[in-house]
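# Structure assessment
What follows is each chain in one-letter form.
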Protein chains: 2
Amino acid sequence: MSAEINIQRLHSKEVGFKETLMSSLSLPMADDDAIDAAVVKILAQVKERGDTAVLEFTKQFDRLSVDSVSQLEISSQELEKAYQSLPAEQKNALDIAAQRVRAYHEQQKIEAGCHSWEYTEADGTRLGQKVTPLDRVGIYVPGGKAAYPSSVLMNAIPAKVAGVSEVIMVVPTPDGARNPLVLAAAYLAGVDRVFTIGGAQAVGALAYGTKTIPSVDKIVGPGNAYVAAAKRRVFGTVGIDMIAGPSEILILCDGTSHSDWIAMDLFSQAEHDELAQSILLCPDAAFIEQVQASINKLLPEMPRKKVIEASLTNRALLIQVQDMAEACEIANDIAAEHLEICATNPRQWSELIRHAGAIFMGNYTSESLGDYCAGPNHVLPTARTARFSSPLGVYDFIKRSSMIEVSEAGAQTLGAVASTLAHGEGLQAHARAAEMRLKK
Amino acid sequence: MSAEINIQRLHSKEVGFKETLMSSLSLPMADDDAIDAAVVKILAQVKERGDTAVLEFTKQFDRLSVDSVSQLEISSQELEKAYQSLPAEQKNALDIAAQRVRAYHEQQKIEAGCHSWEYTEADGTRLGQKVTPLDRVGIYVPGGKAAYPSSVLMNAIPAKVAGVSEVIMVVPTPDGARNPLVLAAAYLAGVDRVFTIGGAQAVGALAYGTKTIPSVDKIVGPGNAYVAAAKRRVFGTVGIDMIAGPSEILILCDGTSHSDWIAMDLFSQAEHDELAQSILLCPDAAFIEQVQASINKLLPEMPRKKVIEASLTNRALLIQVQDMAEACEIANDIAAEHLEICATNPRQWSELIRHAGAIFMGNYTSESLGDYCAGPNHVLPTARTARFSSPLGVYDFIKRSSMIEVSEAGAQTLGAVASTLAHGEGLQAHARAAEMRLKK
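Conventions used here
- Residues numbered from 1 in each chain as written.
- Chains lettered and ligands numbered in written order.
- Predicted model: local features only at pLDDT ≥ 70, side-chain atom pairs only at ≥ 80, totals over all residues.
- Heavy atoms only, no water.
- UniProt positions renumbered as here; feature names shortened; annotations may be inferred.
- Domains from an automatic or database assignment.
- Salt bridge = Lys/Arg side-chain N within 4 Å of Asp/Glu carboxyl O.
- Helix = DSSP H or I, 4+ residues; strand = E, 2+ residues; numbered from the N terminus.
- Buried < 20%, exposed > 50% of the residue type's maximum accessible area, 1.4 Å probe, protein only.
- Axes fitted to C-alpha atoms, helices over the stretch in contact; angles between N-to-C directions.
- Parallel < 35°, antiparallel > 145°, perpendicular 65-115°, else oblique.
- Left-handed = near helix turned anticlockwise from the far one by under 90°.
- Contact = heavy atoms within 4.5 Å.
- Nonpolar A, V, L, I, M, F, W, Y, C, P; charged D, E, K, R; others polar.
- Buried area = accessible area lost by both parts, 1.4 Å probe.
- Polar contact = N/O pair within 3.5 Å; in protein donor to acceptor, adjacent residues only side chain to side chain.
- Pairing = 2+ DSSP bridges.
- Phe/Tyr/Trp six-rings, centres within 6.5 Å; stacked < 30°, edge-to-face > 60°.

Looking up chain A in an unreviewed UniProt entry gives the name Histidinol dehydrogenase, with the organism given as Polynucleobacter antarcticus. In the Sequence similarities (unreviewed entry) part of its UniProt record, chain A is described as follows: "Belongs to the histidinol dehydrogenase family." As stated in UniProt under Function (unreviewed entry), the record for chain A gives "Catalyzes the sequential NAD-dependent oxidations of L-histidinol to L-histidinaldehyde and then to L-histidine."

## Comments concerning the domain arrangement of chain A
Entries for chain A in the domain assignment read domain 1 (8-27 + 246-374), domain 2 (33-240) and domain 3 (406-436). Taking only C-alpha atoms into account, the centre of domain 2 of chain A sits 45 Å from that of domain 3 of chain A.

## Here's the deal with the pattern of salt bridges
In total, this model carries 44 salt bridges over all chains according to the counting rule given. Salt-bridge contacts for A:Arg432 lead to B:Glu301; the nearest nitrogen and oxygen are separated by 2.9 Å. Remark: B:Glu301 occurs in the loop between α11 (285-298) and α12 (305-315) and A:Arg432 occurs in helix α17 (residues 428-436); the pair is interchain, linking two chains. A residue is classified by how much of its surface remains accessible, and A:Arg432, at 25% relative accessible area, is partly exposed. Look at B:Glu301 and you get partly exposed, because its relative accessible area is 46%.

## A few points about the packing of helix α1 (residues 17-25) of chain A against helix α13 (residues 324-334) of chain A
Packed helix pairs are characterised by how far apart their axes lie and by the angle those axes make with each other. Residue and element names in this part refer to chain A. The interhelical angle for the contact between α1 and α13, taken along N-to-C directions, is 40°, at an axis separation of 11 Å. Classified by the angle between their axes, α1 and α13 sit oblique to one another. Viewed along their axes, α1 and α13 form a crossing whose handedness is right-handed. Contacts between α1 and α13 pair Phe 17, Lys 18, Leu 21, Met 22 and Leu 25 from the former with Ile 330, Asp 333 and Ile 334 from the latter. Broken down by class, the residue content of the contact of α1 with α13 amounts to six nonpolar, no polar and two charged.

## Overview of the interface of chain B and chain A
Each side of the interface is counted separately: chain B has 122 residues, and chain A has 121 residues. Where chain B abuts chain A, roughly 10500 Å² becomes buried across the two surfaces, and 58% of that area is made up of carbon and sulfur atoms. The closest approach of N and O atoms between B:Arg437 and A:Asp265, which form a salt bridge, is 2.7 Å. Joining chain B to chain A, the criterion identifies 74 residue pairs in polar contact (both at pLDDT 80 or more). Broken down by element, the residue count for the side of chain B that touches chain A peaks at twelve residues, all from helix α5 (residues 88-111) of chain B. Partitioned by chemical class, the residues of the side of chain B that touches chain A number 56 nonpolar, 37 polar and 29 charged. Relative to strand β15 (residues 398-405) of chain B, strand β14 (residues 358-361) of chain A is paired through three bridges, and the arrangement is parallel. Considered in β15(B), the bridge of A:Ile359 is made with B:Met403.

## Topic: the side chain of B:Ser24
Residues and elements named next belong to chain B. With respect to the element layout, Ser 24 can be found in helix α1 (residues 17-25). On the basis of relative accessible area, Ser 24 is assigned to the buried category, the value being 16%. Apart from the residues within four sequence positions on either side, Ser 24 is in contact with Gln 8, Gln 277, Arg 315 and Leu 317.

## Observations regarding the pairing of strand β13 (residues 338-342) of chain B
On any regular strand, side chains alternate: one points to one face of the sheet, the next to the other face. All names here are of chain B. Across the five residues of β13, five count as buried, placing the element largely inside the fold. Burial of the side chains of β13 extends over both faces: His 338, Glu 340 and Cys 342 are buried on one face and Leu 339 and Ile 341 on the other. Looking at chain direction, strand β10 (residues 248-253) and β13 are connected through five bridges and run parallel. When the bridges of β13 are listed, Leu 252 appears paired with Ile 341. Alignment of β13 against strand β14 (residues 358-361), held across four bridges, turns out to be parallel. The residue of β14 that forms the bridge with Leu 339 is Ile 359.

## Structural notes on the packing of aromatic side chains
The final tally for this structure, using the stated rule, is twelve aromatic pairs over all chains. Taking 6.3 Å as the distance between ring centres and 5° as the angle between the ring planes, the aromatic pair formed by A:Trp117 and A:Tyr119 counts as stacked. You'll find A:Trp117 and A:Tyr119 in the same group, each marked buried. One aromatic cluster in this structure is built from A:Tyr104, B:Trp117 and B:Tyr119.

Printed below as a string of structure tokens:
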């Protein structure tokens, strides 16, 4: 007999359910004043002293001692060699993943409005928007234990599909340890340059530029608390992606799935991090018991069982609901990063979902397929931000300029309107600029 | 004779031109630790004590003393009355502006990828994205001297076009002074509820919700330094738009325009703010002299001449360039909020522009037409952020969910790939979740 793993149970009909749920979703804000203060100093040094500061911090934090930043650059030959040296199975898997991620994002580029457009009005006035890719993008890739080649693909491929000319990757290599899978992924994704630097110093170098490292227009990719704090600080000088919280999965199950599959899907978020959150919503009390039994049975086999158990006991919830429609309502309140709908007719329920980073439909769609190779991006909004934000996509690597060409005739009608409104706002130069274009 | 207004002159062929230009573009970072500290306290109070705190701060900062927050709400009848009571000319101008802004954003909704999409692969796997509007949006509208009805239209209409169910506007009314044009614009734009609150307390109320004021999913709209600091602080709990810097105009002129028109267009940014920036790039030295003469001649007539003169002498640049192609290169370095191309063939040059918030083409397209009624949004990226960000648009009020439905056949091929990659990353539960779906 395996031991009972202690997971919090809730029932949606309990008094105060929604309050309990909401408080279970929130994490105490990290008190990171010390981190922020350290980051401010590092950024100021990098801004002021450029390469010299980058070398000093890399020696201090990563124990890598070199004479120049150019020695920290990995050549494209080395990237290709890392790829060519992979075992065949890994190479093939990475190929397929890259190809599928690229295909999805190429479709996204077409569908998600990443093109210029314009229309002409009766008087000849032309209005529209011009879409251009960002010039240069920086991708932060964590080193050490969380070195994920899949993240390299998911961050770099949408940028390249968008048409970004230069993608610069930074990845710390503490003590010089390089991850060949990460370098191979950089090669496959078409990353242009790679520097083995990390931490706030890497973020600063990308934001401000140094003699060796060019400044970029946007920095994306996950990192530790120092990297996150540095990204917040340089936002405005450059664009940034979302600051990701711990990973989350929410499973809606009508009771027709395999309890072992559900248990393993819950584990697959839980194994990321002790603060990751796995939640099951199910109307079938007996099935919830089966999932608990599967958890108890399967956990001892898992290499990362300590992390999984900590995550499950800290933050997981097994919630019994009245029916699947109510489960969908609750799912909208949770606005999860990953939402699995394990049900016989998943589309019936996905239509009711308004807020989720990604929706995995049907019993064969394990969330882990989406993490690696289904095609859609695995960088998704966490911590209820799916209420207002989207998966990382091609649209994050383009920007738009409004195009306005008013004809002489158009300037007559619009000029009168603008003049009236500008006077109403007390902005007389605005009014005069419009009036000057009116025919006498 | 009018006095010479002192404006900095540059020539692109001078040694060190680019450095001088770049340092002229940057503003010293405001040292707003005191503001930030005050904002943190206000937000904490609003989060903890809700309506009571909102009432106290509104009494303290706006000298408005009421018994309940519901007394600070303006009914839809009052909004409509404000609109119906406008003088005919203003009412008509506001109608036309609203109609044109709506038409442009409806076109944008179609063109800019604000629709769901999906495709099916050979094995039956379906991939796509679902687009949904945000549920509830808050719009901050400044009170007092910078109360701009055009801003109400520009912020609220894209939200409504996107399909946002509830748009909640907050506008401070110090001493109870209400701006009828602002209320009329709220009526026309379809704002659902209006509260006369402002400052960090209004941002807090929208972010956290109080008993009377519902929490929103995103807060947009301009505000003073306290509002900007509060928006930065609540980001993550809710979405926010860009934090706008001082307004900017960059004019590229081939010398074929009217110097008075160019001078007035430069004024129309300068009159916003002593920190606003107006720049002219022109290959024709004689035309630059004509513009200087027009500035000297026209400035004394302007009601806001003090602000204009301060802005021009602080921050304006008249830059002689070698030719228009070089002007376009420099324009890409500047990445201006507003870019006017006053030339005989503006399209020849706009094709060379990669970075600008909005591009105004041809001599009849004064920037002020875009501010009020051309149709495109007047909320634009400032401070070189057009390198990576876009005008406010319908796309800011929708979000996307990835849709993934892997068929049983798809789970076989994808499962093998995911398993290999997950093992490579040391995430065995991810691997097992995929492997469990493989047929034996």
